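# Structural characterization, general
Listed below, chain by chain, are the residues.
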Amino acid sequence: MSDDRSGPLTGLQILDLTSDIAGPYATKLFVDAGASVIKIELPKGDPLRHWTASQQRLEEDESSPLFQYLNAGKRSIVLNPRDAQDRARFNAFAARAQIVFEDWGAGGLESRGLTPETWLEENPRLCIVRISPWGQSGPWADHAANDFTLQAATGSVEYRGLPDREPIAAGGRLGDWIAGTFACVSGLAAWRSARQTGEGQIADLSQFEAMIQCLTVFGDLGSQFFDQLIPRSVEIPSIEPTLDGHVGVCTQTGQQWTDFCAMMGQQELAEDPRFLEGYERMEQIDFIQGIIRDWTRKHTTAEIVELCAILRIPVAPIGNGKDLPGFDHMIERQLFSRTPGGFLQPRTPWRLESTEPMPIGRTPKVDEHREELLLSLEKTPTVAATTAPNQGLGHADLPFAGLRVVDLTAFWAGPYTTSMLSDFGADVIKVESIQRPDGMRFAGSVRNETIWEWSHVFHGANPGKRGITLRLDKNEGLELLKRLIADADLVIENFSARVMPAFGLDADTIKSLNPRAIFVRMPAFGLDGAWRDRAGFAMTVEQVSGLAWVTGYEDMPLVIRGACDPIGSAHAIFAIGLALEERDRTGLGQVVEVALVEPALAVAAEQVIEYSAFGVVLGRSGNSMPHAAPQGIFETQSESERVAISVSTDEQWQSLCRVLEMDSWRQSEELASHAGRLKAHDSLLAGVSAWARTRSRDEILEAMLGACVPASASINAHRLMPNPQLEARQFFQTMKHPLTGPTRYPSFPTSFSGFERDLHRVPPPTLGQHNREVLQSELGVDDAEYERLEADQIIGSRPSFM
């Protein structure tokens, strides 16, 4: 490191057995917070050392910029688990660690003679995070898979794109970054619990389940409310051509749509009720897009951004690896910095008042720290003894048990953060008002008499909480909220920077009410900078961060649909964990800032890294992506059934050739390398497509998976269930909601050996459901006062405008 500063996690010892993206990203986040990470590489080293998206030639001892981004500040040693002496060294390192991360696949450790259970016996407080495509157990645990085929399995691919063109997967290997993000949270959760109880555990993360949470907009919940398939579609408006480029617009609410129409001078369109909903606009796509693009092409991007910002319509310029660091907001916030390797990378995606992230360290060469690390094994490990064998942890042993959270958030990113806090033991009180309920209550809702209780997205983001209503623009409501804050550990909100101060709830006020309270703020773009007052949803963040730039057709970038919200939520959980560490040290709370755009920049970092290192702007070409060839969604004998196939290694290529009986491909020198296959991608797609069209989906999957070639059915998100893998891992939890009845909710994507699988305690709250419980039983409001508050509409259980 370039200085001697410490971080919230200084002293934490982590053993990293992972490679590529997911595991290294998880441990990178710990390094940024001060943890010490030992990276154990296999004899050939981490393959990411030699890989770049633009196929650059690297020197033999040179590490790729993406590898440097993910592994700076770690120490490296090479060990071979097939060697008995090295296996003993693996065990010795595990005996000295507090968290181990591994990604060797289902049973991968055991097949190489390493036993996690033995590690726990030797080191009872150890936490082991196991990252695999499907999880360590279940009928699909051994199925070959990668980001692309897992996307298809979640159902997220089939509903993205134009109806008359192929369905489109998200670019940038987003599923791998999602897995790394949730692995980080899993490690934090298990470690916090182990410190409280003295008992470590195994955290079994399924990348498939993590991607379901982030990429399907709670599609399975939607299938329970709407018995129909999700049609393939695009957002209207979204990424639109301008006089000098493109602009990203997002109209999630009816008000934003009508304001957008009025801005274009299309008052009749604004007043037409047929087009208030996105699916209705999709049915008239040529007509609506014609109007929009006729207007946007007459204006510059800057002009449209300025107009939308005035009207509070979420808007952003379209970011890519070249342009993104030059945006005024990125410069003012200092969101990119030059690394020791000479390229640009995004800053750490959290900000704490009390501490800065650790400076970017050196990237280790392969086996660079061998002598130093082997010498450290000669010292006797210090392991704190437990008082009793693990009898199974209870609710009080969850990592955030005992914390009280005042939840002022709305829509998705904030509510999903607080739902995870509840899953991990916190008491979360969700505060809305009958004048302005959480807007997500109406998004995609069933149109009935209680429409505000029937949004599947609201249901997905809010299990585990108690819900109350308080009108905060009236003194009576605000004073009751302040009494809640006075007894809270966390206060959390996700509005633009100006909203909370407008209610008289700025950081100084929170601190005066409760010096120990941690004030978590999650605006779209941050608390300062040129865009601080702009509204923004996940799609806005996808448009500006570069995620949309690498997703879509060559002639049409597409948003991913919401992924940045849960990704931001998981980063916020990690930042909250850091703030709690700081509070343990100082006794004081502080402001924690996780601007939604910054986790998105972190997981889209490859584009800026690649351009600043090599001058190459990464782009998009449908389902053709740099890391796999051939790769695509293929038609089968049945018109309604498609399969995803993706080849990312030479071994998988040889297996594919044998399955297709294509000896000419298998023997071709031009196709022997990944670079050669990328050049021939179109012809390879044609060959695989011709083979697939003559077979059933089941035949194709049996052949591919039997040969260890990543493949999956490409399903509709409303047909995720039944699913034998999810059923075997008990991913869904059924709870009885007061209005929707027995409803199936997705769980956290990690199965913890020390926690119950069903982490949700209660279904999402109805509007004002717990008013009496909280206001009367806990704040002491008497019956007469309660009735007056209801009569004055300070509280209630039905929207005032319904």
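Definitions and limits used
- Residues numbered from 1 in each chain as written.
- Predicted model: local features only at pLDDT ≥ 70, side-chain atom pairs only at ≥ 80, totals over all residues.
- Heavy atoms only, no water.
- Helix = DSSP H or I, 4+ residues; strand = E, 2+ residues; numbered from the N terminus.
- Rg over C-alpha atoms; globule rule 2.2 N^0.38 Å.
- Buried < 20%, exposed > 50% of the residue type's maximum accessible area, 1.4 Å probe, protein only.
- Contact = heavy atoms within 4.5 Å.
- Areas by Shrake-Rupley, 256 points an atom, 1.4 Å probe, with all protein chains shown as cover.
- Lys, Arg positive; Asp, Glu negative; His and termini not counted.
- Charge placed at Lys NZ, Arg CZ, Asp CG, Glu CD.
- Axes fitted to C-alpha atoms, helices over the stretch in contact; angles between N-to-C directions.
- Parallel < 35°, antiparallel > 145°, perpendicular 65-115°, else oblique.
- Left-handed = near helix turned anticlockwise from the far one by under 90°.
- Nonpolar A, V, L, I, M, F, W, Y, C, P; charged D, E, K, R; others polar.
- Pairing = 2+ DSSP bridges.
- Right-handed = clockwise from strand over helix to strand, strands pointing away.
- Patch = residues over 30% accessible without salt bridge, like charges linked within 9 Å, V, L, I, M, F, W, Y side chains within 5 Å.
- Salt bridge = Lys/Arg side-chain N within 4 Å of Asp/Glu carboxyl O.
- pLDDT = per-residue confidence, 0-100.
- Core = buried A, V, L, I, M, F, W, Y, C linked by side-chain atoms within 4.5 Å.
- Phe/Tyr/Trp six-rings, centres within 6.5 Å; stacked < 30°, edge-to-face > 60°.
- Polar contact = N/O pair within 3.5 Å; in protein donor to acceptor, adjacent residues only side chain to side chain.

In terms of helices and strands, the chain carries 33 helices and 26 strands. Taking 802 residues into account, the globule formula puts the C-alpha radius of gyration at 28 Å, and the chain, at 26 Å, falls close to it. Oriented by its inertia axes, the alpha-carbon framework of the chain measures out at about 80 × 65 × 50 Å. Relative to its 802 residues, the chain shows a buried fraction of 63%. Sequence-distant contacts, at least 24 apart, represent 76% of the contacts inside the chain between residues at least 6 apart. With the model as given, the accessible surface of the chain reaches about 29,600 Å², and the carbon-plus-sulfur share is 47%. When the 74 positive and 107 negative side-chain charges of the chain are each reduced to one mean point, those points stand 2 Å apart.

The axes of two packed helices give the description: the angle between them and the distance between them. Remark: helix 7 (residues 174–197) packs on helix 23 (residues 564–586), axes separated minimally by 10 Å, with the N-to-C direction vectors making an angle of 30°. In terms of orientation, helix 7 lies roughly parallel with respect to helix 23. Crossing angle aside, the handedness with which helix 7 passes helix 23 is left-handed. Within the contact between the two elements, helix 7 uses Leu-174, Ile-178, Thr-181, Phe-182, Cys-184, Val-185, Leu-188, Trp-191, Arg-192 and Arg-195 and helix 23 uses Pro-566, Ile-567, Ala-570, His-571, Ile-573, Phe-574, Gly-577, Leu-580, Glu-581 and Asp-584. Looking at the contact of helix 7 with helix 23 residue by residue, the class counts come to 13 nonpolar, three polar and four charged.

Moving on: the pairing of strand 7 (residues 239–242). Put simply, side chains in a regular strand alternate between the two faces of the sheet. Burial along strand 7 is two-sided: the residues Ile-239 and Pro-241 and Glu-240 and Thr-242 are all buried. With four bridges joining them, strand 7 and strand 8 (residues 245–249) adopt antiparallel strand pairing. Bridging across to strand 8, Pro-241 finds its partner in His-246. As consecutive antiparallel partners, strand 7 and strand 8 are separated by two residues.

Moving on, we come to the pairing of strand 14 (residues 427–432). Within strand 14, five of the six residues are buried, which leaves it mostly tucked inside the rest of the structure. Relative to strand 14, strand 13 (residues 404–407) is paired through four bridges, and the arrangement is parallel. By the bridge assignment for strand 14, Val-406 is matched with Ile-429. In the classification by handedness, the crossover that spans strand 13, the intervening helix 17 (residues 413–423) and the parallel strand 14 is right-handed. Two elements, strand 14 and strand 15 (residues 466–469), share four bridges in a ladder whose sense is parallel. Looking at strand 15, one finds that Val-431 is bridged to Ile-468. Handedness of the β-α-β unit built from strand 14, helix 18 (residues 456–461) and strand 15 comes out right-handed.

Let us look at the sheet that holds strand 23 (residues 711–714). What the three strands build is an open sheet, ordered 21-22-23; its pairing is antiparallel. Looking at the sheet topology across the chains shown, the edges are occupied by strand 21 (631–635) and strand 23. Strand-to-strand, the axes of this sheet are offset by a mean angle of 25°, without reference to chain direction. Packing of helix 6 (residues 147–154) onto the sheet brings it into contact with strand 21, strand 22 (642–646) and strand 23, and relative to strand 23 it is tilted by some 30°.

Let us now look at a negative patch on the surface. A cluster of acidic residues, Glu-59, Glu-60, Asp-61 and Glu-62, forms a negative patch on the protein surface. Along the polypeptide, Glu-59 turns up in the loop between strand 2 (36–41) and helix 2 (65–71).

Our next topic: the sheet that holds strand 15. Within a beta sheet, neighbouring strands are joined by backbone hydrogen bonds and run either parallel or antiparallel to one another. Read from one edge of the open sheet, seven strands run 12-20-17-16-13-14-15, paired in mixed fashion. Two strands in the sheet have a free side with no partner beyond their single neighbour: strand 12 (351–352) and strand 15. In the packing of helix 17 onto the sheet, contacts are made with strand 13, strand 14 and strand 16 (490–493), and the angle to strand 14 comes to roughly 155°.

Now for the confidence of the model for the chain. Here the chain averages 96 in pLDDT, while 98% of its residues score no lower than 70. Note on residues 384–391: pLDDT under 50 across the span, and ten contacts to partners over four residues away in sequence or across chains.

All right, on to the nonpolar core then. By size, the foremost hydrophobic cluster in this structure holds 162 residues, and its most contacted members are Phe-30, Tyr-69, Leu-174, Phe-182, Phe-574, Ile-645 and Met-704. Per-element accounting of this core gives the leading share, 13 residues, to helix 7. Counting 29 residues, the second-largest nonpolar core is a separate cluster that includes Leu-481, Ile-485, Ala-517 and Ile-794.

Turning our eyes to something else, we now look at the packing of aromatic side chains. For the structure shown, the criterion picks out 24 aromatic pairs. Pairing Phe-275 with Phe-287 gives two aromatic rings, centres 6.2 Å apart and planes at 40°, and the pair type is tilted. Residue Phe-275 is located in the loop between helix 11 (267–271) and helix 12 (278–283), and its partner Phe-287 is located in helix 13 (residues 285–296); the two are separated by twelve residues in the primary sequence. We classify Phe-287 as partly exposed; its relative accessible area is 45%. Look at Phe-442 and Phe-801: their rings are 5.9 Å apart centre to centre, the planes differ by 45°, and that puts the pair in the tilted class.

At a minimum axis distance of 8 Å, the contact between helix 17 and helix 23 shows a crossing angle of 50°. What the angle tells us is that helix 17 and helix 23 run oblique. Crossing angle aside, the handedness with which helix 17 passes helix 23 is right-handed. Contacts between helix 17 and helix 23 involve Ala-413, Tyr-416, Thr-417, Met-420 and Leu-421 on the former and, on the latter, Asp-565, Pro-566, Ser-569, Ala-570, Ala-572, Ile-573 and Ile-576. When its residues are assigned to classes, the contact of helix 17 with helix 23 shows nine nonpolar, two polar and one charged.

Right, let's talk about the environment of Gly-171 for a bit. Along the chain, the position of Gly-171 falls in the loop between helix 6 and helix 7. Note: C-alpha distance between Gly-171 and Ile-573 (402 residues apart in sequence) is 25 Å.

A cis amide bond links Ile-236 with the next residue in sequence, Pro-237, at an omega value of -5°. Tracing the backbone shows Pro-237 in the loop between helix 9 (219–225) and strand 7. A cis amide bond links Met-721 to the next residue, Pro-722, at an omega of 0°. Residue placement: Pro-722 occurs in the loop between strand 23 and helix 31 (724–728). With a phi angle near 65°, Asp-20 is a residue other than glycine that sits in the positive phi range. Within the secondary structure layout, Asp-20 lies in the loop between strand 1 (13–16) and helix 1 (22–32). A relative accessible area of 25% places Asp-20 in the partly exposed class. Notably, Arg-312 is not glycine yet its phi reads approximately 65°, a positive angle. Inspection of the secondary structure assignment puts Arg-312 in the loop between helix 14 (301–310) and strand 9 (315–317). For Arg-312, a relative accessible area of 27% puts it in the partly exposed group.

Our focus in this paragraph is the side chain of Arg-757. Looking at where Arg-757 falls in the secondary structure, it is placed in the loop between strand 26 (750–752) and helix 32 (771–776). Of the polar contacts made by the side chain of Arg-757, one reaches the backbone oxygen of Arg-729; its length is 2.9 Å. Among the polar contacts made by the side chain of Arg-757, one reaches the main-chain carbonyl oxygen of Thr-750 at a distance of 3.3 Å.

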